[in-house]
Amino acid sequence: MKTVLITGSTSGIGLGIAHEFAKTKQYNIIFNGLETNGQEIADEIGKEFGVGIMYSNANMLKPEELRKMVDDGIAKFGKIDVLINNAGIQHVSPIEDFPDDKWNAIIGINLTSAFYLSKAVWKGMKERKFGRIINIASAHGLVASEFKSAYVASKHGIVGFTKTLGLEGAPFNITCNAICPGYVKTPLVEKQIADQAKAHNMSPDEVVNKVMLLKQAVKEFVPVEVLGQLALLLASEGSSTITGTAIPVDGGWNAQ
Ligand code: NAD
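Note that the structure is predicted; figures quoted are calculated from it, not measured. Numbering of residues starts from 1 in each chain and follows the order in which that chain's sequence is written. Only residues with pLDDT of at least 70 are given local features in this predicted model, and only at 80 or more are side-chain atom pairs given and counted; all residues enter the totals for whole chains, interfaces and linings. Only heavy atoms go into the side-chain values, all of them from the structure, while hydrogens and water stay out.

Chemist: What am I meant to see in helix α6 (residues 187-200) here?
Modeler: Three- or four-residue spacings in an α-helix give side chains the same orientation, since the helix completes a turn every 3.6 residues. The terminal C-alpha atoms of α6, which comprises 14 residues, lie 20 Å apart, in line with the 20 Å expected from a rise of 1.5 Å per residue. Here's how the labels work: a residue is buried when its accessible area is under 20% of the maximum for its type, exposed when over 50%, partly exposed in between, all with a 1.4 Å probe on protein chains only. Numbering of helices and strands runs from the N terminus, with a helix taken as a DSSP run of H or I at least four residues long and a strand as a DSSP run of E at least two residues long. The complete set of buried residues in α6 reads Val189, Gln192, Ile193, Gln196 and Ala197. Summarising the axial view, the buried residues of α6 lie within an arc of 135°, below the 170-degree limit, and thus occupy one face. Exposed residues on α6 whose side chains face more than 90 degrees from its buried face are Pro187, Lys191, Lys198 and Ala199. Any pair of residues with heavy atoms lying within 4.5 Å of one another is described as a contacting pair. Packing partners of the buried residues in α6 comprise α7 (204-212). Looking one or two residues past α6, asparagine 201 carries a phi angle of roughly 55°, positive in sign. To estimate the expected span of a helix, subtract one from its residue number and multiply by 1.5 Å. Here, the arc refers to the directions that run from the helix axis to the C-beta atoms.

Chemist: Even after reading the chapter, I still don't get the pairing of strand β5 (residues 131-136), so can you show me in this structure?
Modeler: On any regular strand, side chains alternate: one points to one face of the sheet, the next to the other face. Across the 6 residues that make up β5, a large majority, 6, are buried. Burial of the side chains of β5 extends over both faces: Gly131, Ile133 and Asn135 are buried on one face and Arg132, Ile134 and Ile136 on the other. Alignment of strand β4 (residues 82-85) against β5, held across 4 bridges, turns out to be parallel. Its bridge partner lying in β5, valine 82 is registered against arginine 132. Crossover connection from β4 via helix α4 (residues 100-128) to parallel β5: handedness right-handed. Following the backbone out of β5, through helix α5 (residues 149-169) and into the adjacent parallel strand β6 (residues 174-181), one traces a crossover that is right-handed. For two strands to pair, DSSP has to find at least two bridges joining them. By convention, orient the strands away from the viewer: a clockwise path from the first strand over the helix to the second makes the crossover right-handed.

Chemist: Would you mind showing me how to read the site of the ligand here?
Modeler: As a structural note, the neighbourhood of the ligand is formed by 29 residues, with Ser11, Asn86, Tyr151, Val184 and Thr186 the closest of them. Here methionine 60 contributes a backbone N or O atom positioned 2.8 Å from a nitrogen atom of the ligand. A distance of 2.9 Å separates an oxygen atom of the ligand from a polar side-chain atom of lysine 155. Here the ligand, which alone exposes 820 Å², has 93% of that area covered by the protein. Mapped by element, the contributors of at least two residues to the shell around the ligand are α1 (12-24), α5 and α6. No other element matches the 3 residues that α6 contributes to the shell around the ligand. All amino acids are sorted into three groups, where Ala, Val, Leu, Ile, Met, Phe, Trp, Tyr, Cys and Pro are nonpolar, Asp, Glu, Lys and Arg are charged, and the leftover types, Gly among them, are polar. Tallied by class, the residues present in the shell around the ligand amount to 16 nonpolar, 11 polar and 2 charged. If a single non-hydrogen atom of a residue is within 4 Å of a molecule or strand, that residue counts as near it. Two N or O atoms form a polar contact when they lie within 3.5 Å of each other; inside protein one atom must be a possible hydrogen donor and the other a possible acceptor, and for residues adjacent in sequence the pair counts only when both atoms belong to side chains. Only the protein chains shown count as cover for residues, and the accessible areas themselves come from Shrake-Rupley with a 1.4 Å probe.

Chemist: Explanation requested: the nonpolar core in the structure shown.
Modeler: As used in this record, nonpolar core signifies buried Ala, Val, Leu, Ile, Met, Phe, Trp, Tyr and Cys residues forming a set joined through side-chain atoms within 4.5 Å. Among the nonpolar cores identified, the biggest contains 33 residues, and Phe21, Ile29, Phe31, Ile84, Ile134 and Ile179 are the most heavily contacted of them. Within the residue set of this core, elements represented by two or more residues are β1 (2-6), α1, β2 (27-32), α2 (38-49), β3 (53-56), β4, β5 and α8 (224-235). Residue contributions to this core peak at 7 residues, all from α8. Setting aside anything within four residues of it in sequence, one finds isoleucine 84 in contact with Val4, Leu5, Ile6, Thr7, Ile17, Phe21, Ile134, Ile136 and Ala231. Among the nonpolar cores identified, the runner-up in size contains 28 residues, and Ile30, Ala58, Met69 and Ile174 belong to it.

Here is the structure:
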C-alpha cells in the first residue's frame, strides 16, 4: 500500500484527484484543506473505498503546521510515497490596485508551501529510492493573462521549481512533474464566473463562453477525472523517466 498526501483535497481538483486514487484501493490518502467538513469528506471516502485516510487542516501559510502534517502522516502510515501540491487561491485585479496581502498569500499558498512540503518528504523518498511529487500548476504556469499577476507568477514559479526537483531527484528515483490545467469547474472558478459577470455586466454563460474558454480550442471545462488519471500515471512505478515536465491539460490553449 502506498501513501499519497494531497493538499487542498477537500474541494475541487484535489478532491477529484483523491477520488481517482481511492478508486484504485492502492493508496492511503492524507487529506488536507480548510473546509470545515474536511474530516467528514475524508471519512466518507475512506469508508466508501476501504482505504486508509487521515485529515489535516494544516494551513499552507504555516510551515510548522505543514511539517506536523507530514510527521503525523508518516507516524500513521509509515511513509509518504506521493506528494501532490494542489492547494491554491486566486485573486484578479489590475496591478496598480493589487492588494499586497493578496500577493503574499498567493505566492505563499501556491508556491512556497510546495517548497516546505517537498523538503519535508524528500529525505524519506531519497532513502527508499522512490518518490513522486506532482504540482498542480496551471495553463497560467506557461502563459499569462492580464490582471492575474500574482497567480501567473506563482504558477510560473512552480513550473521552475518542478524542473529543479526533477533534476535533483533523478539519482534517487524521485520524479517531479507539473500538471497545467485549463479551466476546471470548481469553487475557485465558480467565484471567478460570478465576479467577472458583475465586472463585465455579462451573464454567467457569456463569461464562460466569451471570456474564460476564449483561449481554449476545446470549449469545455477540463474534467477533474482526467487530472486524477494523469496524476495516477505520474505517481506510478513505471513513470520513472517522466520528470521535470509541465504537462498542459488545457483544451489546446497552449498550442496557440
Ligand atoms: P478550490 O477552491 O476548489 O480548492 C482549493 C483547495 O485549497 C481547498 O481545499 C482549500 O481549502 C485549499 N486551500 C486554500 N488555501 C489554503 C491554505 N491557506 N491552507 C490549506 N489549504 C488551503 O480550487 P481548485 O480549482 O480545485 O484549485 C486547486 C488547484 O488547481 C489550485 O492550485 C489552482 O490554482 C489549480 N488550478 C485550478 C484551475 C481551475 O480552473 N479550477 C485551473 C488550473 C489550475
